[in-house]
Amino acid sequence: MAAGKGGRRELNRRVLLLWGRGEGADWRVYLDHNATTPLAPEAAQAVQDAMLQAWGNPSSSHPAGRKAKELIGCARESLARMVGGRPEDIVFTSGGTEANNMVIHTARRHFRESQARPGDSRGTPHIVTSSVEHDSIRLPLEQLVKESLAEATFVAVSPRSGRAEVDDILAAIRPTTCLVSIMLANNETGVIMPVTELSQRIHALNQWRVAEGLPRILVHTDAAQMIGKGRVDVQELGVDYLTIVGHKFYGPRIGALYVRGPGTTTPLLPMLFGGGQERSFRPGTENTPMIAGLGQAAELVSKNWEAYKAHMQDVRDYLEARLEASFGKQRIHLNSHFMGSKRLCNTSNFSILGPGLQGQRVLSRCKTLLASVGAACHSEKGDRPSAILLSCGIPYDVAQNALRLSVGRDTTRADVDLVVQDLVQAVAQLDQDQAP
């Protein structure tokens, strides 16, 4: 599925790197789309057009301001359409980290502020999440626990399914639980979590809790990895909050938070205070060009996600077949294959078995492949295996050799052939280094 035209499409498909001071160029194949995606040409054009034509302050009443405000409104409609919500349910943020922190901040404060009367203490707010969440969920919770402002339970994923199972999540709920936050799909394994079933079960539980005078449990999912790779519909998911991250679906590096009726049906409390933008939920003069680009990226997803998914799944499956054919099935361990679980269409996490083949060492010998061993924000951890893979029951020595390859909209089978050939030569070099 080609998302652009001509040379711009080719630049999206591969990354051109210039080495040293020479004039030569070396083409690389980029298979790290779970870390970030290139900006779609249509989104880049929307950003440029807004910078030149919609530069007014959206809060100003003159024509330049009104033009910017109208553009933001159109982008809000595009994001709402992409996730099946209403425009008024979309709040623009700087990115996924801010959106996730807003949800946690809101749930904790709302728990405190909704006590029946002054002096009526329900105890410390409690939040449930999984052991494989992004750091923008894990670290804020750990900090709140450290400051005794909240309690948190990190539910282990099942080594059989790679998922946080609904029964295990429900078993962690306490009378003081105010939020359950479970990602929609994991960034390293690609495993899709049972968020729809979880929301249904919590909705039923909330009816009993309200009757008992217990706080309502809010449900949040971080959909960063799923948008653009599968169906995302907030009505089907039944969540109260959903995090949107532009640079994961060929948009600019800003984000948004879907809130089911912000400030009415569902609480949303600001972390910042200022000029009243975004209905005072997220004040600060709006970044009109980036919002315009995000809206255009959302339009592409709404129109093309099924074609994107089919293409990426075909290329990903071809990649795994070529790996097994080239190295032998006994030497390839597919870390993202879990019985009974669905996974993202573009993600393959695998290990090439053998001594001295740690993921970072293999990548360092690659001449064509650009990829990661796991989450980009953990890239400084060297040969230490991914905590997420270990949580999923992958043995330490296997996890240490892990590579995460994530294909994109414009990745081709020819790209895969180049990558597998590159991996074969890299492993041959490392095997030779291990020889006595």
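Structure: see above.
Residues numbered from 1 in each chain as written. Predicted model: local features only at pLDDT ≥ 70, side-chain atom pairs only at ≥ 80, totals over all residues. Heavy atoms only, no water.

Visitor: Looking at this structure, how should I read the overall build of the protein?
Guide: Across its full length, the protein holds 13 helices and 13 strands. Relative to the globule expectation of 22 Å for 436 residues, the C-alpha radius of gyration of the protein, 23 Å, shows essentially globular dimensions. By its C-alpha atoms, the protein is 75 × 55 × 35 Å across when sized along the principal axes. Taken across its 436 residues, the protein has 54% of its residues classed as buried. Sequence-distant contacts, at least 24 apart, represent 72% of the contacts inside the protein between residues at least 6 apart. Of the roughly 18,700 Å² that the protein leaves accessible, carbon and sulfur atoms contribute 52%. Taking the average location of the 49 positive side-chain charges in the protein and that of its 45 negative ones, the two points are 2 Å from each other. (Helix = DSSP H or I, 4+ residues; strand = E, 2+ residues; numbered from the N terminus. Rg over C-alpha atoms; globule rule 2.2 N^0.38 Å. Buried < 20%, exposed > 50% of the residue type's maximum accessible area, 1.4 Å probe, protein only. Contact = heavy atoms within 4.5 Å. Areas by Shrake-Rupley, 256 points an atom, 1.4 Å probe, with all protein chains shown as cover. Lys, Arg positive; Asp, Glu negative; His and termini not counted. Charge placed at Lys NZ, Arg CZ, Asp CG, Glu CD.)

Visitor: When you look at helix α5 (residues 135-146) in this model, what are you seeing that I'm missing?
Guide: Each turn of an α-helix holds 3.6 residues, which means side chains three or four residues apart point in the same direction. Look at α5: 16 Å from first C-alpha to last across 12 residues, which is about the 16 Å you get at 1.5 Å a residue. Residues of α5 that are buried: Asp135, Ser136, Ile137, Pro140, Leu141 and Leu144. With its phi angle positive at about 60 degrees, Ser148 sits one or two positions after the end of α5. (Expected span 1.5 Å × (residues − 1).)

Visitor: Where do I start with the packing of helix α4 (residues 96-113) against α5 in this structure?
Guide: A pair of packed helices can be characterised by two numbers: the angle between their axes and the separation between those axes. Two numbers describe how α4 lies on α5: the axes approach to 9 Å, and their chain directions differ by 35 degrees. Classified by chirality, the crossing of α5 by α4 is right-handed. Between α4 and α5, the residues in contact are Thr97, Asn100, Asn101, Ile104 and Arg108 and Ser136, Ile137, Pro140, Leu141 and Leu144, respectively. Its residues assigned to classes, the contact of α4 with α5 comprises 5 nonpolar, 4 polar and 1 charged. (Axes fitted to C-alpha atoms, helices over the stretch in contact; angles between N-to-C directions. Left-handed = near helix turned anticlockwise from the far one by under 90°. Nonpolar A, V, L, I, M, F, W, Y, C, P; charged D, E, K, R; others polar.)

Visitor: What is the right way to look at the packing of aromatic side chains in this model?
Guide: We describe a pair of aromatic rings using the distance from one ring centre to the other and the angle between the two ring planes. If you walk through the whole model with that rule in mind, you get 0 aromatic pairs. The lysine or arginine in question, Arg409, covers the ring of Tyr308, its NZ or CZ lying 3.9 Å from the ring centre. (Phe/Tyr/Trp six-rings, centres within 6.5 Å; stacked < 30°, edge-to-face > 60°. Lys NZ or Arg CZ within 6 Å of the ring centre and 35° of its normal.)

Visitor: How should I be thinking about the packing of helix α9 (residues 288-327) against helix α13 (residues 413-434) in this particular structure?
Guide: As a packed pair, α9 and α13 sit with axes 10 Å apart at the nearest point and diverge in direction by 30 degrees. With respect to their mutual orientation, α9 and α13 come out roughly parallel. The interaxial crossing formed by α9 with α13 has right-handed handedness. Of α13, the residues touching α9 (which contributes Asp314, Val315, Tyr318, Leu319, Arg322, Leu323, Ser326 and Phe327) are Arg413, Val416, Asp417, Val420, Leu423, Val424 and Val427. For the contact of α9 with α13, the per-class residue count stands at 10 nonpolar, 1 polar and 4 charged. (Parallel < 35°, antiparallel > 145°, perpendicular 65-115°, else oblique.)

Visitor: Any chance you could explain the nonpolar core here in plain terms?
Guide: Proteins that are soluble and globular tend to have nonpolar side chains buried together. Membership of the largest hydrophobic core comes to 87 residues, with the highest contact counts inside it found for Ile227, Leu242, Ile244 and Leu423. It is α9 that contributes the most residues to this core, 14 residues altogether. (Core = buried A, V, L, I, M, F, W, Y, C linked by side-chain atoms within 4.5 Å.)

Visitor: Got a minute to help me understand empty space enclosed by the protein in this structure?
Guide: If a probe as big as a water molecule is rolled over the atoms, it shows which places are left empty. Here the structure, examined in full by the defined rule, presents 1 cavity of 30 Å³ or more. In this structure, the largest cavity occupies an estimated 50 Å³ of space. Considering the residues around the largest cavity, the lining is formed by His33, Thr37, Ile227, Gly228, Lys229, Lys248, Phe249, Tyr250, Met312, Asn346, Val407 and Arg409. Here the lining of the largest cavity is composed, by residue class, of 5 nonpolar, 4 polar and 3 charged. (1 Å grid on protein atoms, 1.4 Å probe; cavity = no way out; pocket = protein on both sides within 12 Å on 5 of 7 lines; lining within 4 Å. Points joined across faces, edges and corners; volume = space filled by probe spheres on them.)

Visitor: Just checking my understanding: could you explain the sheet that holds strand β10 (residues 332-334) for this structure?
Guide: The pairing of strands in a sheet comes from backbone hydrogen bonds and takes either a parallel or an antiparallel form. Strand order in this open sheet of 3 strands is β10-β11-β13, and the pairing throughout is antiparallel. Each of the sheet's edge strands pairs with one partner strand only, and the pair in question is β10 and β13 (402-406). On average, each strand axis in the sheet is inclined to that of its neighbour by 30 degrees, with strand direction left out of account. Taken together, the 3 bridges between β10 and strand β11 (residues 347-352) define a ladder with antiparallel strand orientation. (Pairing = 2+ DSSP bridges.)

Visitor: What should I look at first to understand the sheet that holds strand β8 (residues 241-245) in this one?
Guide: The 7 strands are arranged β3-β9-β8-β7-β6-β4-β5 in an open sheet whose pairing can be described as mixed. With partners counted over all chains shown, the strands left at the sheet margins are β3 (90-93) and β5 (151-155), one partner each. Here the average twist between neighbouring strands, direction ignored, is 20 degrees. Judged from the 3 bridges that link them, strand β6 (residues 177-181) and strand β7 (residues 218-222) form a sheet pairing that is parallel. When the sheet's bridge partners are listed, Leu179 is paired in β7 with Leu218. Packed onto the sheet, α5 meets β4 (126-130), β5, β6 and β7 and runs at close to 140 degrees relative to β5.

Taken by themselves, the reported measurements are silent on function.
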